[in-house]
Amino acid sequence: MDLLSPMHIIVLLVVALLIFGPKRLPEIGSGLGKSIREFKQSMNSQVQEPKAPQPTEYPVQAVTKEPEPPQEH
């Protein structure tokens, strides 16, 4: 038996309707659709555009003070 047969999909939709209710179900569906679209776009952009090389960072030069002469008390 196929996991995505029409009967399985109907049962899943009925269970989701019972759990989340008719008001929240469209919100959940649109949120899921948006997240899938964003995921696909990010995957396509990573494949098509290689990362730009990072600018080379140079180490910060240490500022040194000249040693102070010992003070006599």
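Residues numbered from 1 in each chain as written. Predicted model: local features only at pLDDT ≥ 70, side-chain atom pairs only at ≥ 80, totals over all residues. Heavy atoms only, no water.

J.: Help me out: how do you make sense of the overall build of the chain in this one?
T.: Helices and strands together make up the secondary structure of the chain, namely 1 helix and 0 strands. Relative to its 73 residues, the chain shows a buried fraction of 4%. Carbon and sulfur atoms provide 63% of the accessible area of the chain, an area that totals close to 8,000 Å². (Helix = DSSP H or I, 4+ residues; strand = E, 2+ residues; numbered from the N terminus. Buried < 20%, exposed > 50% of the residue type's maximum accessible area, 1.4 Å probe, protein only. Areas by Shrake-Rupley, 256 points an atom, 1.4 Å probe, with all protein chains shown as cover.)

J.: Would you mind going over the environment of L25 with me for this structure?
T.: Within the element layout of this structure, L25 appears in helix 1 (residues 6-48). Exposure remark for L25: the relative accessible area of 26% places this residue in the partly exposed category. Between the C-alpha atom of L25 and that of L13, which follows or precedes it by 12 residues, the distance is 9.6 Å. If sequence neighbours within four positions are ignored, L25 has contacts with A16, L17 and F20. (Contact = heavy atoms within 4.5 Å.)

J.: Just to check I follow, could you spell out a nonpolar patch on the surface for this structure?
T.: Nonpolar side chains collect at one region of the surface, where M7, I10, V11, V14, V15, L18, I19, F20 and I28 lie side by side and expose about 860 Å² of accessible area between them. Position of I19 among the secondary structure elements: in helix 1. (Patch = residues over 30% accessible without salt bridge, like charges linked within 9 Å, V, L, I, M, F, W, Y side chains within 5 Å. Salt bridge = Lys/Arg side-chain N within 4 Å of Asp/Glu carboxyl O.)

Purely geometric numbers; function is a separate question.
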